[in-house]
Amino acid sequence: MEGVAIEPKPQALGRPWPDGRLDENPPKVWLMMGHRAGDNSQVLALAEALGWPYEIQRFVYKPYELLVNLTHGPTLKGVVKERSSHLRPPWPDLVISAGRRNEPICRWVQAQAKPEKHVRLVHLGRPWANFDRWDLVVTTPQYRLRNHPVIQQNKTPLHRVSAERLRADAAVWAPRLSHLPGPYIAVVIGGNSGPYSYDEPAAARLGREASELARRFGASLLITTSARTRPETLGPLEEALEVPYYLYRWRPNDSDNPYFAFLGLAERIIVTGDSVSMATEACATGKPVYLFDLGVGWRSMRREKQRGHFAFWNPGDPFDLRAFFYLMAMHLGPKRITRDIRIIHDYLLESGRAAWLGEGDPPPNPPPLEDISRAVMRVRALFPERLRAGADPA
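The text that follows walks through the structure, step by step, so that each part is easy to find. (Residues numbered from 1 in each chain as written. Predicted model: local features only at pLDDT ≥ 70, side-chain atom pairs only at ≥ 80, totals over all residues. Heavy atoms only, no water.)

Applying the stated criterion to the full structure yields seven aromatic pairs. Centre to centre, the rings of tryptophan 52 and phenylalanine 383 are 5.5 Å apart; their planes meet at 85 degrees, and the pair counts as edge-to-face. Of this pair, tryptophan 52 sits in the loop between α1 (37-50) and β2 (54-57) while phenylalanine 383 is found in the loop between α12 (371-380) and α13 (384-387), placing the two residues 331 residues apart along the sequence. Since its relative accessible area comes to 2%, phenylalanine 383 is described here as buried. When the centroid spacing of 5.9 Å and the interplanar angle of 80 degrees are considered together, the rings of tryptophan 91 and tryptophan 108 count as edge-to-face. Here tryptophan 91, found in the loop between α2 (65-72) and β3 (94-98), pairs with tryptophan 108, found in helix α3 (residues 103-113); they are 17 residues apart in sequence, far enough to count as distant. What makes tryptophan 108 buried here is its relative accessible area of 18%. Cluster of aromatic residues (ring-pair linked, three or more members): Trp30, Trp91 and Trp108. Over the ring of phenylalanine 260 we find arginine 165, and its NZ or CZ is 5.3 Å from the ring centre. Above the plane of the ring of phenylalanine 217 lies arginine 268, whose end atom (NZ or CZ) is 3.8 Å from the centre. (Phe/Tyr/Trp six-rings, centres within 6.5 Å; stacked < 30°, edge-to-face > 60°. Helix = DSSP H or I, 4+ residues; strand = E, 2+ residues; numbered from the N terminus. Buried < 20%, exposed > 50% of the residue type's maximum accessible area, 1.4 Å probe, protein only. Lys NZ or Arg CZ within 6 Å of the ring centre and 35° of its normal.)

Here is the structure:
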């Protein structure tokens, strides 16, 4: 799961129920942050939507953590303890996590709390441990998991987009961008993902196609990179741009990151297709969204483009060994070990929420995304004592 993680701002303790009551004693929540910005963003999205107070736990992992985690079960042996959050009582009621590296840590917390307390474990994305070890897994079809009682299959990843957040951040950045002629088109750039590579040729092509769209609407471009964007792609991108633009170069832990501001200010949004999290966030704005295909030929994200090539590689195509082996694994290996983000692309396209850049405009008035509210309902249902009080978790 990829995306742009923006640090949370202080929040109130508890969110009102539909009848107006506040949780008098809301569950204590721990958020287990990992090394992927997209994973962390989804963990924060669920926590913010729940409205319960939470604590953020961060970890530094040992180089051999994979071996330890595969052989030791619930453990902290894969963590550099002196550089990680200190986990100690009082134990939480709920732990929300994403990513393989945090799974043994979550189960260790649950084991420490027994038998006095049952810590509920909620995992986002694809878990590697047995499904029965989780109270809830919120996933998406790209991971191709089998059906199981603890699994909730959402159509898209969770997101942190709200009208309030977009308005607030846009108000901060609007004066800084007043020198650019409006309207604005946001360009959100990811990086390499699975068999798809955002390389120098892709960056140059993105610059040309984004400029063409901007000229058609008389717009300027608001461009932001992300944690996975390779620095060497910025030169070819800027050289290809032919319209006014502002480029933000991603920096870690930047409190002034304009990501949500750009989404709020833009009338249209271009997203590189490698990040289904950022594509979902763009679609959550309700604005026209264009997906940029990173590849050509057998490396294309569009199935019809791939089918035009009878082999994985044709003479004249650029060759990427990493991409080749991942694509082979997608087609020939167990589905459990790879993901297919084209499934999310297909949903966004077929539901009228997006179009491929260069292949027309998305339909107007796309339907809203509802997955975050479904996930909140499932998490609240893990605490039946609150439901018995007569509140509807919707």
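Let us now look at the nonpolar core. Within the largest apolar cluster, 58 residues are counted, with the highest numbers of intra-cluster contacts made by Leu206, Leu221, Ile269 and Ile270. Look past the residues within four positions of leucine 206 in its chain and what remains in contact with it is Val187, Ile189, Tyr198, Leu237, Ile270, Thr272, Phe292 and Leu357. (Core = buried A, V, L, I, M, F, W, Y, C linked by side-chain atoms within 4.5 Å. Contact = heavy atoms within 4.5 Å.)

A separate point is the pairing of strand β1 (residues 29-32). Of the two faces of β1, both are covered, the one formed by Val29 and Leu31 as well as the one formed by Trp30 and Met32. Direction of pairing for β1 relative to β2: parallel, over a ladder of four bridges. For methionine 32, the partnering residue across the bridge sits in β2 and is glutamine 57. Taking the sense of rotation as the criterion, the β-α-β connection linking β1, α1 and β2 turns out right-handed. Bridge analysis of β1 against β3 gives four bridges, and the strand direction is parallel. In the sheet register, valine 29 faces β3, and the bridge partner there is leucine 94. (Pairing = 2+ DSSP bridges. Right-handed = clockwise from strand over helix to strand, strands pointing away.)

This part covers the sheet that holds strand β4 (residues 120-124). Read from one edge to the other, the open sheet built from six strands follows the order β2-β1-β3-β4-β5-β6, with strand pairing classed as parallel. Lying at the two open borders of the sheet, with one neighbouring strand each, are β2 and β6 (151-153). This sheet shows a mean twist of 20 degrees between the axes of neighbouring strands, independent of strand direction. Across the face of the sheet, α1 comes into contact with β1, β2, β3 and β4 while running at roughly 150 degrees to β3. (Axes fitted to C-alpha atoms, helices over the stretch in contact; angles between N-to-C directions.)

Contact geometry of α1 with α12 gives a least axis separation of 10 Å together with a crossing angle of 70 degrees. Classified by the angle their axes make, α1 and α12 are roughly perpendicular. Residue-level contacts link Ala45, Leu46, Ala49 and Leu50 of α1 to Ile372, Ala375, Val376, Val379 and Arg380 of α12. (Parallel < 35°, antiparallel > 145°, perpendicular 65-115°, else oblique.)

This paragraph deals with the sheet that holds strand β9 (residues 245-248). Spatial ordering of the open sheet is given by β9-β8-β7-β10-β11-β12, a layout of six strands whose pairing is parallel. Where the open sheet ends on each side, the last strands, each with one partner, are β9 and β12 (355-356). Sheet topology places strand β8 (residues 220-224) next to β9; four bridges connect them, and they run parallel. Bridge pairing in β9 links leucine 221 to tyrosine 245.

For the rest of this paragraph, the subject is the pairing of strand β7 (residues 184-188). Burial analysis of β7 places five of its five residues in the buried class, which makes it a mostly covered element. Along β7, one buried face is formed by Tyr184, Ala186 and Val188 and the opposite face, lined by Ile185 and Val187, is buried too. One ladder, built from five bridges, connects β7 with β8; its direction is parallel. Across the sheet, the residue bridging to valine 187 is isoleucine 223, located in β8. For the handedness criterion, the β-α-β arrangement of β7, helix α5 (residues 200-217) and β8 is classed as right-handed. Strand direction decides the pairing type here: β7 and strand β10 (residues 268-272), joined by four bridges, are parallel. Directly across from alanine 186, in β10, lies its bridge partner isoleucine 269.

So far we have only geometry, and geometry alone does not tell us how the molecule works.
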